[in-house]
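Architecture and fold: a report
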Amino acid sequence: MTGSGAFLTALRLSDSMLPVGTYTASYGIEQYLNEDSIGTPEELGELVTGYLEGVIGPAELVALGAAHRAAAADDVDGVVAADERLGAATLPSEFRDSATKAGGKLLELVAETDADPIAGVDTSGIVGECAAAVDDGRLDGHVPVVLGVVCQQAEIGSREAALVSAYASVTGLLGAAQRLGRFGHTAIQSQLAAAFPAVESVADRYHDAELRTLCSFAPRADIMGMAHEHADRRLFMS
């Protein structure tokens, strides 16, 4: 990653205030709490680590890295391939819907803010092509894939892009648990800090992995996500 502009863009893209709708998704965390499957901050932290090692790393970051490389080569078909593979590995429909809505919003946001000198994202090239591909139905636009493209165009390296994505995912999971009222600010911040080694580990391991290795194995999280679709009480989309 070169320059302060790229660093600031990385911070912006990992910020929970980024208005792409990820705050409406808990990716199954709400269902875990509905069923009282999480009782302590430590159990929540273990669950987040499980997400990192079972889904975020081997699936989302692999797709992100593939999309990053495809964007560098101006290869829309490569981006589509990464997106399709990630979609196929994401079993709960709510998870897919949340991820594609956020990806579409991220493309819209970049298009609307590209004049900002801090953003540093050229929307006339691959980003614009991906937006067009979403519009014509060729690309679903899962948010890790879109983030890989956007980061590459902002001159953020693939490892740093993986860190951005993993960090944003972790803060989203922990933030959902906090907003549901089960855990306080201090407990959440403690678990966020405790997750840093796992965040760095999965970024190192998966940011440059080949797309053919993409896989996801988190059966209980998948079941919780599917159960959430039929929950009597729900504050989140997923």
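Residues numbered from 1 in each chain as written. Predicted model: local features only at pLDDT ≥ 70, side-chain atom pairs only at ≥ 80, totals over all residues. Heavy atoms only, no water.

1. Some points on the overall build of the chain
Each helix and strand in the chain was counted, giving ten helices and zero strands. Mapped from its N terminus to its C terminus, the chain presents α and β elements in the order α-α-α-α-α-α-α-α-α-α. Computed over the C-alpha atoms, the radius of gyration of the chain is 17 Å, within 12% of the 18 Å expected from 2.2 N^0.38 for a compact globule of 238 residues. C-alpha extents for the chain along the principal axes are approximately 50 × 35 × 30 Å. Expressed as a percentage of its 238 residues, the buried residues of the chain come to 51%. Sequence-distant contacts in the chain: of pairs separated by 6 or more residues, those separated by 24 or more amount to 82%. Per element, the accessible surface of the chain, about 10700 Å² overall, is 53% carbon and sulfur. (Helix = DSSP H or I, 4+ residues; strand = E, 2+ residues; numbered from the N terminus. Rg over C-alpha atoms; globule rule 2.2 N^0.38 Å. Buried < 20%, exposed > 50% of the residue type's maximum accessible area, 1.4 Å probe, protein only. Contact = heavy atoms within 4.5 Å. Areas by Shrake-Rupley, 256 points an atom, 1.4 Å probe, with all protein chains shown as cover.)

2. Description of the environment of Cys151
Residue placement: Cys151 occurs in helix 7 (residues 143-153). Residue contacts for Cys151: discarding those within four places in its chain leaves Leu13, His68, Ile156 and Ala161.

3. Some details on the environment of Tyr167
Among the structural elements, Tyr167 can be located in helix 8 (residues 158-179). For Tyr167, a relative accessible area of 30% gives the class partly exposed. Taking the C-alpha atoms as reference points, Tyr167 and Thr100, separated by 67 residues in sequence, lie 19 Å from one another. Excluding residues that lie within four positions of it along the chain, Tyr167 makes contacts with Ser14, Leu192, Phe196 and Val199.

4. Observations regarding the packing of aromatic side chains
Summed over the entire model, instances satisfying the criterion amount to two aromatic pairs. Summarising the aromatic geometry, the rings of Tyr27 and Phe95 are spaced 5.3 Å apart at their centres and angled 70° between planes, so their arrangement reads as edge-to-face. Of this pair, Tyr27 sits in the loop between helix 1 (3-14) and helix 2 (29-34) while Phe95 sits in helix 5 (residues 93-113), and the two are 68 residues apart along the sequence. You can call Phe95 buried: its relative accessible area is 8%. Relative to Phe196, the ring of Tyr167 has its centre 6.3 Å away and its plane inclined at 45°; by these criteria the two rings are tilted. Remark: Phe196 occurs in helix 9 (residues 185-206) and Tyr167 occurs in helix 8; sequence separation between them is 29 residues. (Phe/Tyr/Trp six-rings, centres within 6.5 Å; stacked < 30°, edge-to-face > 60°.)

5. Considerations on the packing of helix 4 (residues 76-89) against helix 7
Helix 7 packs onto helix 4 with a crossing angle of 155° between their chain directions and a minimal axis gap of 9 Å. As far as their axial angle goes, helix 7 and helix 4 are roughly antiparallel. Viewed along their axes, helix 4 and helix 7 form a crossing whose handedness is right-handed. When helix 4 is examined against helix 7, the residues Val79, Ala82, Asp83 and Leu86 are found in contact with a partner set consisting of Pro144, Val145 and Val149. Considering only residue class, the contact of helix 4 with helix 7 consists of six nonpolar, no polar and one charged. (Axes fitted to C-alpha atoms, helices over the stretch in contact; angles between N-to-C directions. Parallel < 35°, antiparallel > 145°, perpendicular 65-115°, else oblique. Left-handed = near helix turned anticlockwise from the far one by under 90°. Nonpolar A, V, L, I, M, F, W, Y, C, P; charged D, E, K, R; others polar.)

6. Topic: the layout of surface pockets
In this structure, the largest pocket encloses a volume near 880 Å³. The wall of the largest pocket is formed by 44 residues, among which Thr22, Tyr27, Ala168, Ser169 and Gly172 lie closest to the centre. The leading source of residues in the lining of the largest pocket is helix 8, at eleven residues. Here the lining of the largest pocket is built from residues that sort into 27 nonpolar, 13 polar and four charged. (1 Å grid on protein atoms, 1.4 Å probe; cavity = no way out; pocket = protein on both sides within 12 Å on 5 of 7 lines; lining within 4 Å. Points joined across faces, edges and corners; volume = space filled by probe spheres on them.)

7. Brief notes about unusual backbone geometry
Its identity as a non-glycine residue notwithstanding, Asp74 has a phi of 55°, on the positive side. Its place among the elements puts Asp74 in the loop between helix 3 (41-72) and helix 4. Residue classification places Asp74 among the partly exposed residues on the basis of a relative accessible area of 46%.

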